[in-house]
Amino acid sequence: MQKIDIFDTTLRDGEQSAGINLNTAEKLEIAKQLERFGANVIEAGFPASSQGDFEAVKKIAQTIRSSIVTGLARAVKNDIDTSWEALKHGAEPHLHIFLATSPIHMTHKLKKTPDQVVDIAVESVRHARKYFPLVEWSAEDAFRSEPEFLVRIVEKVIQAGATTINLPDTVGYATPVEYGEMFKNLKYNVKSIDKVKLSAHCHNDLGMAVANTIAAIENGADQVEGTINGIGERAGNAALEELAVALHIRKDVYPFHTDIQLNEIKRTSQLVSQLTGMAIQANKAVVGKNAFAHESGIHQDGVLKERTTYEIITPELIGETSNRIVLGKHSGRHAFKDKAIALGFELNDEKINEAFKAFKTLADKKKEISEDDLYIILTDQQIQE
Ligand code: KIV
Ligand code: ZN
């Protein structure tokens, strides 16, 4: 089975979510957890963007030993020099340089010709390699770049010393088939591509970031980038916990493995949510509050008889203690009776039926029935016995 490296950018692209600002202590705590989670590369920040980020990246590089620590830099000398000061104490100093390659970005943002962009890319990678043994080069907006230009510039930056090539779908515009094709094209047409690691980096604007990332893996990517809980610019990045669990659960169709410790997922997700202040949507795959909750009677009855009827992932796999049987208006008698027993009530069938009727009447008026509600309903029947 092929190993896929995990590049976590929660502390860089993730922190670029509107409304998030982490201090050094918070970033360090998350970085330590990402190391336990099994990230191969941790992008700790953007050292040249602020003094605070510089300090945070430096502290993380000095502390983390089992994961490679990297930082983001523009393709300019000052960013690269500043990043070296922050990253030089890392276990394996690694720099991530990006430069846009799409016509839209080159024309309107960079105001450079394609030839000038090639020269800047080559020069910046050469400069970075004077310090760093590992340099990742990202073609920002790779997906909307001209395929021939992408082949040309990637060949040049590999010759200049890049050790990883990243092809981001910066604006989340790709479909899985198209994103996979881009990797296939590079694999086929860049002569020296096998000398480097090939990386995927997907945004979720159309809700396809994880699917696109998997398509990249199927077409030759060796590394994937993403964030915990999928946080990031706009609609966010590929959610690493979803990706890791999808590869694990569907290993029958995806012959790939990662170093991710799946039982650290819940803890990592909770920590990131707590320190960033970004709530996790209840129905989010894998880590949402409802990911293992069963509300309807038919589902509850199935799960109580045999969990695999409606659970393809066990909560324990990701470090969650148990599933939840939520009592609401769709719930059935089986789950209700089980809950009554769990709460210590021993009622005969007739009383259970009466209590169940009272519960249904209340459930029509409330979103979720609490244990206190159940105590009142069940105690009423007990008293009448
Ligand atoms: O989405 C993107 O293109 C990025 C680059 C900086 C790698 O985050
Ligand atoms: Zn990004």
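Residues numbered from 1 in each chain as written. Chains lettered and ligands numbered in written order. Predicted model: local features only at pLDDT ≥ 70, side-chain atom pairs only at ≥ 80, totals over all residues.

- By the naming in an unreviewed UniProt entry, the protein chain is 2-isopropylmalate synthase, taken from Jeotgalibacillus marinus.
- Per UniProt, the protein chain carries the Cofactor (unreviewed entry) text "Mn(2+)". (UniProt positions renumbered as here; feature names shortened; annotations may be inferred.)

1. A word on the overall build of the protein chain
Right, so step 1: On a plain count of helices and strands, the protein chain comes out with 14 helices and twelve strands.
Right, so step 2: Projected onto the principal axes, the alpha-carbon positions of the protein chain cover approximately 85 × 40 × 40 Å.
Right, so step 3: Looking at the protein chain as a whole, 45% of its 385 residues qualify as buried.
Right, so step 4: Within the protein chain, residue pairs in contact and separated by at least 24 positions form 73% of the contacts whose partners lie at least 6 positions apart. (Helix = DSSP H or I, 4+ residues; strand = E, 2+ residues; numbered from the N terminus. Buried ≥ 20, exposed ≤ 12 C-beta atoms within 10 Å, placed from the backbone. Contact = placed C-beta atoms within 7 Å.)

2. Quick word on the UniProt feature "binding site: Mn(2+)" (unreviewed entry) in the protein chain
Right, so step 1: The positions UniProt marks with the feature "binding site: Mn(2+)" (unreviewed entry) are Asp13, His201, His203 and Asn237. These annotated residues cover 225 residues of sequence, but their C-alpha atoms sit close together, with the largest distance between any two at 10.4 Å.
Right, so step 2: The residue His201 is located in strand β8 (residues 197-202) in this model.
Right, so step 3: C-beta crowding within 10 Å serves as the criterion here: with 30 such atoms nearby, His201 is assigned to the buried category.
Right, so step 4: Setting aside anything within four residues of it in sequence, one finds His201 in contact with Ser138, Asn166, Pro168 and Glu225.

3. Quick word on the confidence of the model for the protein chain
Right, so step 1: On average, residues of the protein chain score 97 in pLDDT, and 99% of them reach the 70 mark or higher.
Right, so step 2: For the protein chain, strand β12 (residues 324-325) is the element with the lowest average pLDDT, namely 91, and strand β6 (residues 134-140) is the one with the highest, namely 99.
Right, so step 3: Across the interface, the model reports ipTM at 0.99; the global pTM reads 0.95. (pLDDT = per-residue confidence, 0-100.)

4. Regarding the site of ligand 1
Right, so step 1: Close contacts around ligand 1 come from Asp13, Leu72, Phe98, Ser138, Glu140, Pro168, Thr170, His201 and His203, and that covers them all.
Right, so step 2: Looking at side-chain class alone, the shell around ligand 1 contains three nonpolar, four polar and two charged residues. (Near = placed C-beta within 6 Å. Nonpolar A, V, L, I, M, F, W, Y, C, P; charged D, E, K, R; others polar.)

5. Description of the environment of Ala91
Right, so step 1: Tracing the sequence through the fold places Ala91 in the loop between α3 (77-87) and β5 (94-100).
Right, so step 2: Overall, the presence of 13 C-beta atoms within 10 Å leaves Ala91 in the partly exposed class.
Right, so step 3: Along the sequence, Ala91 and Thr314 sit 223 residues apart, while their C-alpha atoms lie 35 Å from each other.
Right, so step 4: Not counting chain neighbours up to four residues away, the residues in contact with Ala91 comprise Arg65 and Ile68.

6. Observations regarding the UniProt feature "domain: Pyruvate carboxyltransferase" (unreviewed entry) in the protein chain
Right, so step 1: According to UniProt, the feature "domain: Pyruvate carboxyltransferase" (unreviewed entry) maps to residues 4-266 in the numbering used here.
Right, so step 2: Note that residues 4-266 is 43% helix and 18% strand, and that its end C-alpha atoms are spaced 21 Å apart.

7. Some details on the nonpolar core
Right, so step 1: The biggest cluster of nonpolar side chains holds 91 residues, and the ones touching the most others in it are Ile42, Ala44, Ile97, Val135, Val154, Val224 and Leu243.
Right, so step 2: Top element by residues in this core is helix α8 (residues 209-218). It accounts for seven residues.
Right, so step 3: Leu243 has contacts with Val210, Thr213, Val224, Gly226 and Ala238, leaving out every residue within four places of it along the chain.
Right, so step 4: Leu327, Ala335, Ala355 and Leu374 belong to the second largest nonpolar core, which has twelve residues in total. (Core = buried A, V, L, I, M, F, W, Y, C linked by C-beta atoms within 7 Å.)

8. A short note on helix α9 (residues 240-249)
Right, so step 1: Most of α9 sits inside the fold, with eight of its ten residues counted as buried.
Right, so step 2: Here the buried face of α9 lies against β2 (5-8), α8, β9 (223-226), β10 (256-257) and α10 (265-276).

9. Looking at the environment of Phe37
Right, so step 1: With respect to the element layout, Phe37 can be found in helix α1 (residues 24-37).
Right, so step 2: On a C-alpha basis, the gap between Phe37 and Ile265 in space is 6.9 Å, while along the polypeptide they are 228 residues apart.
Right, so step 3: Residues in contact with Phe37, not counting those within four places in the same chain, are Ile260, Gln261, Glu264 and Thr268.

10. Some remarks on the packing of helix α2 (residues 51-63) against α3
Right, so step 1: Between α2 and α3, whose axes approach to 7 Å, the crossing angle comes to 45 degrees. In terms of orientation, α2 lies oblique with respect to α3. Listed contacts from α3 to Phe54, Val57, Lys58 and Ala61 of α2 are Thr82, Ala86 and Leu87.
Right, so step 2: Of the residues assigned to the contact of α2 with α3, the class counts are five nonpolar, one polar and one charged. (Axes fitted to C-alpha atoms, helices over the stretch in contact; angles between N-to-C directions. Parallel < 35°, antiparallel > 145°, perpendicular 65-115°, else oblique.)

11. Quick notes on α3
Right, so step 1: Taken as a whole, α3 has its buried residues at Asp79, Ile80, Ser83, Ala86 and Leu87. Down the axis, α3 shows its buried residues gathered within 120 degrees of arc, on one side only.
Right, so step 2: For α3, the elements touching its buried residues are α2, β4 (68-74), β5 and α5 (114-129). (Arc of directions from axis to C-beta.)

12. Comments concerning the packing of α5 against helix α6 (residues 147-160)
Packed helices, taken two at a time, are described by the angle between their axes plus the distance between the axes.
Right, so step 1: The N-to-C vectors of α5 and α6 enclose an angle of 25 degrees; their axes lie 8 Å apart at closest approach. Judged by the inter-axis angle, α5 sits roughly parallel to α6. Crossing angle aside, the handedness with which α5 passes α6 is right-handed. Judged by residue contacts, Pro114, Val117, Val118, Ala121, Val122, Val125 and Arg126 of α5 engage Phe149, Arg152, Ile153, Lys156, Val157 and Ala160 from α6.
Right, so step 2: In the contact of α5 with α6, the residues fall into ten nonpolar, no polar and three charged. (Left-handed = near helix turned anticlockwise from the far one by under 90°.)

13. With respect to the sheet that holds β9
The strands that make up a sheet are held in pairs by hydrogen bonds between backbone atoms, and each pair lies either parallel or antiparallel.
Right, so step 1: Taken together, the eight strands give a closed barrel; going around it, the order is β2-β3-β4-β5-β6-β7-β8-β9, and neighbouring strands pair in parallel fashion. When the angles between neighbouring strand axes are averaged without regard to direction, this sheet yields 25 degrees.
Right, so step 2: In this structure, strand β3 (residues 41-45) lies alongside β4, joined through four bridges in parallel fashion. Residue pairing in the sheet places Glu43 in a bridge with Thr70 of β4. (Pairing = 2+ DSSP bridges.)

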